[in-house]
Amino acid sequence: MMADFRVPLLAEPATWVFPRLGWVSSRALKSAHPELTSKLAALALVPLMLLALSVDATAQQEVRLGIRGYVDEKINVAIDELMPQNAAARTVAEILAFDLDYSLRFNVLEGNPGVVRASGPGPDYESWAIFGTQYLVTGTVSPTGAGYSAEIDIHHIPFQRSISQRTYALPDPGAAGFRMAIHEISNAIIRELTGEEGIADTRIGFASRRRGDKEIYAIDYDGANQYRVTSLDTISMTPDWSRDGARICFTTFVSGDPDLYCAPAGGGRAQPISTNPGLDMAPSISPDGRRLALTLTKDGNAEIYVLDVGGRSLRRLTYNLGIDTAPSWSPNGRQIVFESDRGGVAQIFAMDAEGANVRQLAFGGEAHSPAWSPQGDRIAYVERMGGRFQIVTIPADGGGGTVLTSTGDNEDPSWSPDGLHIAFSSTRGGGSDIYTMDWDGGNIRQVTRGGGYVSPTWSPKLGSQ
Amino acid sequence: MLGRRLTLLTVTALALGLAVGCSRKQPPATDDRPRAEPPPATENAGDADAARRAEEEARLAREAAYGSIQDMIFFDFDRSDLREDARQTLQTKAEALRQFPDIRIRIEGHADERGTVEYNLALGERRADAARAYLIDLGIDSDRMTTISYGEERPAVDGHNEAAWSQNRRDEFVIIGG
């Protein structure tokens, strides 16, 4: 399948591809040396490569602990200045560059290095080739009556030809769907060049603590367009985004006793799903959307149950005196990972979706909040180390863990739908905010600002929802 | 519409619950009723004084009972077993509850901010259950007590140190009837 999409590449000779160290995110370069980007052309390539090396080293705040690569080879893609140079065109270029860089499948050069000017009708392929560019994105963003029309071309630089031309309708930049429409262009480019599905059209839900209450909010994965999902004026917490994207389920005190409710992900009236005496909490919706794993205390202490949402039947999975909670489904829906303090201290366990074959997965210190990767091969969780919480991942079939964070308290990991990123809450900046990082702990990015934000849940791909 | 009304009711109930919980030095509003009644008209001033004194004593006794019933108990980190000081506090509570059998309470379990939201909610419930079970052992009718956990969501003391945490690992006792 992947090969089909890569047809334009054919059998490329390895020799023309520049060494990766010649490439640096233009974003990092700009932030370190803003005056340099326009003068890139004046620089000889060898100094540029050295510069790139040093910038890369300083831009990386936390050491990457490579477990193994999910993305084999990054593609060098440049995003030319989009024409005409209006605000909408610049926003489109910025979002495309962010999304492609974030996807981990590209080295992105954003903007035009200066020497590369089209002399004829097409781009100056040979000049772009000097920069090691494999693909070049060019285009125009023109106003229409109802918004903008983005005509985006993708060029294969070594073959010196355009391989894709598409036109996208964008709403007015002030409209709610403007950025999401651009994220869709990013996903189309990612699909075109890698055959993979991008995650630029995702959001992150979370709980916001204000004056003793909590409400559920959501935000685009890049930190734009924060909006409120619930307005229940009570404690609503631990949201979980349904795999079809339509609903967010959470625990709320709206009836006085903590119950499980679900609300439309875009905001709207919350409906009760599970309202037993005692706690109804820690919802985790199964990948097929038909079942809900949750924690109830109606039978004495915290145990894990599975609710068949359609038939309303309830099945109890755990039977012991410990606190069993925080269930998370494996991507095929056959297993559930959870936390239990049955041994005295909270630890990570897994079991079949029917409750059989319980086994302990992690054997470190106190551990909480496991989350099974959508790729199925790893489980992220939180472990207390030296009095602070850190995010750890382990192979789903057991084995040694890899610590991904080191600053502040870091909690509640939630995987992106492609399994390449993890959202989490962290107090590294003082208050608790939502951050994302790569699967190996690299590229930590702050998503919310201001503190009081906890319990992230990464949405599935939302498309035009 | 119904949901909205329920929300308001819940918020009001919570606010009242918190107000009662925070102001244990003052008699609850229900106690104002007997006090507000005019003294009975009688020719024997001594009898009237005695009646007033008895009434006042009853009011004070009830006030004292409210006070001891609302005394919080505290827990060690990540524990829900009752410490010796908590047992003594609960024994005093049990006496007051036996003395005033009309009083009903809600036991609210809380946790400090360390630990995850979900785990702390379960831990708070365990703490509320531990107090309830001990009061039942001491002869208090289980129908007179409900439990709820707020986990780490409603700290009594703000702060990110042991002084605050030790005050936040607690059970609160809210009088909901009587």
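Attention in this report is confined to the structure presented alongside it. Since we're looking at a predicted model, the values are computed, not measured.

**Re the sheet that holds strand 20 (residues 359–360) of chain A**
All names here are of chain A.
- Here we have four strands laid out as an open sheet, ordered 17-18-19-20, and antiparallel in their pairing. The sheet is open, and its two borders are formed by strand 17 (324–329) and strand 20, each paired with just one other strand.
- With two bridges joining them, strand 19 (residues 347–352) and strand 20 adopt antiparallel strand pairing. Within the sheet, the bridge partner assigned to Ala350 lies in strand 20 and is Arg359.

**Quick look at the sheet that holds strand 16 (residues 314–316) of chain A**
Residue and element names in this part refer to chain A.
- Reading across from one edge, 13-14-15-16 is the order of the four strands in this open sheet, with antiparallel pairing throughout. Since the sheet does not close on itself, it has two edges, and those belong to strand 13 (280–285) and strand 16, each with one partner. The average undirected angle you get between the axes of adjacent strands in this sheet is 25°.
- Relative to strand 14 (residues 291–296), strand 13 runs antiparallel, the two sharing four bridges. Bridging across to strand 14, Ser284 finds its partner in Ala293.

**Looking at the interface of chain B and chain A**
- The interface is formed by 25 residues belonging to chain B together with 37 residues belonging to chain A.
- Summed over both partners, the interface of chain B with chain A buries about 2,500 Å², with 56% contributed by carbon and sulfur atoms.
- A per-residue breakdown of the area chain B buries against chain A is headed by Glu118, Tyr119 and Glu153 of chain B, which together make up 25% of the total.
- Where chain B packs against chain A, one counts five salt bridges.
- Among the salt bridges present, the one from Glu152 of chain B reaches Arg209 of chain A, with a minimum N-O distance of 3.8 Å.
- On the surface where chain B and chain A come into contact, there are five residue pairs in polar contact (both at pLDDT 80 or more).
- Among the residues forming the side of chain B that touches chain A, the class breakdown is eleven nonpolar, five polar and nine charged.

**With respect to the packing of helix 4 (residues 87–102) of chain A against helix 6 (residues 178–194) of chain A**
Residues and elements named next belong to chain A.
- Between helix 4 and helix 6, the least distance of the axes is 9 Å, while the angle of their chain directions is 50°. By the criterion of interaxial angle, the relationship of helix 4 to helix 6 is oblique. With respect to the hand of their crossing, helix 4 and helix 6 are arranged in right-handed fashion. Listed contacts from helix 6 to Thr91, Val92, Ile95, Leu96, Asp99 and Leu100 of helix 4 are Phe178, Arg179, Ile182, His183, Ile185, Ser186, Ile189 and Ile190.
- Tallied by class, the residues present in the contact of helix 4 with helix 6 amount to nine nonpolar, three polar and two charged.

**Things to note about the state of the cysteines**
Residue and element names in this part refer to chain A.
- With the rule as written, the count across this model stands at one disulfide over all chains.
- Between the sulfur atoms of Cys249 and its disulfide mate Cys262 the distance is 2.1 Å. Measuring handedness by torsion sign, the sulfur bridge of Cys249 and Cys262 sits at about 100° and is right-handed. With Cys249 in strand 10 (residues 247–252) and Cys262 in strand 11 (residues 259–264), the pair connects residues that are 13 residues apart, well separated along the chain. We note that Cys249, like Cys262, is buried.

**Examining helix 3 (residues 45–70) of chain B**
- Taking 1.5 Å of rise per residue, the 26 residues of helix 3 of chain B would be expected to cover 38 Å, and the 37 Å separating its terminal C-alpha atoms lies within 8% of that figure.
- For helix 3 of chain B, the full list of buried residues reads Ala48, Arg59, Arg62, Ala65, Tyr66, Gly67, Ser68, Ile69 and Gln70 of chain B.

**With respect to the packing of aromatic side chains**
Residue and element names in this part refer to chain A.
- Inspection of every chain in the model, using the stated rule, returns eight aromatic pairs over all chains.
- When the centroid spacing of 5.3 Å and the interplanar angle of 90° are considered together, the rings of Phe206 and Tyr453 count as edge-to-face. Highlighted residues: Phe206 in strand 6 (residues 203–210) and Tyr453 in strand 29 (residues 453–458), separated in sequence by 247 residues.
- Residue classification places Tyr453 among the buried positions, given a relative accessible area of 7%.

**Some words on the pairing of strand 7 (residues 213–220) of chain A**
Residues and elements named next belong to chain A.
- Across the eight residues that make up strand 7, a large majority, seven, are buried.
- The pairing of strand 6 with strand 7 spans eight bridges and is classified as antiparallel. Considered in strand 7, the bridge of Phe206 is made with Tyr217.
- Hairpin connection from strand 6 to strand 7: two residues lie between these consecutive antiparallel strands, with Arg211 at a positive phi of about 50°.
- Sheet topology note: the strand 7/strand 8 (residues 227–228) ladder contains two bridges and is antiparallel. Its bridge partner being in strand 8, Tyr217 is matched across the sheet by Arg228.

The rules behind each value
Residues numbered from 1 in each chain as written. Chains lettered and ligands numbered in written order. Predicted model: local features only at pLDDT ≥ 70, side-chain atom pairs only at ≥ 80, totals over all residues. Heavy atoms only, no water. Pairing = 2+ DSSP bridges. Helix = DSSP H or I, 4+ residues; strand = E, 2+ residues; numbered from the N terminus. Axes fitted to C-alpha atoms, helices over the stretch in contact; angles between N-to-C directions. Contact = heavy atoms within 4.5 Å. Buried area = accessible area lost by both parts, 1.4 Å probe. Salt bridge = Lys/Arg side-chain N within 4 Å of Asp/Glu carboxyl O. Polar contact = N/O pair within 3.5 Å; in protein donor to acceptor, adjacent residues only side chain to side chain. Nonpolar A, V, L, I, M, F, W, Y, C, P; charged D, E, K, R; others polar. Parallel < 35°, antiparallel > 145°, perpendicular 65-115°, else oblique. Left-handed = near helix turned anticlockwise from the far one by under 90°. Disulfide = S-S within 2.5 Å. Buried < 20%, exposed > 50% of the residue type's maximum accessible area, 1.4 Å probe, protein only. Expected span 1.5 Å × (residues − 1). Phe/Tyr/Trp six-rings, centres within 6.5 Å; stacked < 30°, edge-to-face > 60°.

Just distances and angles here, no functional claims.
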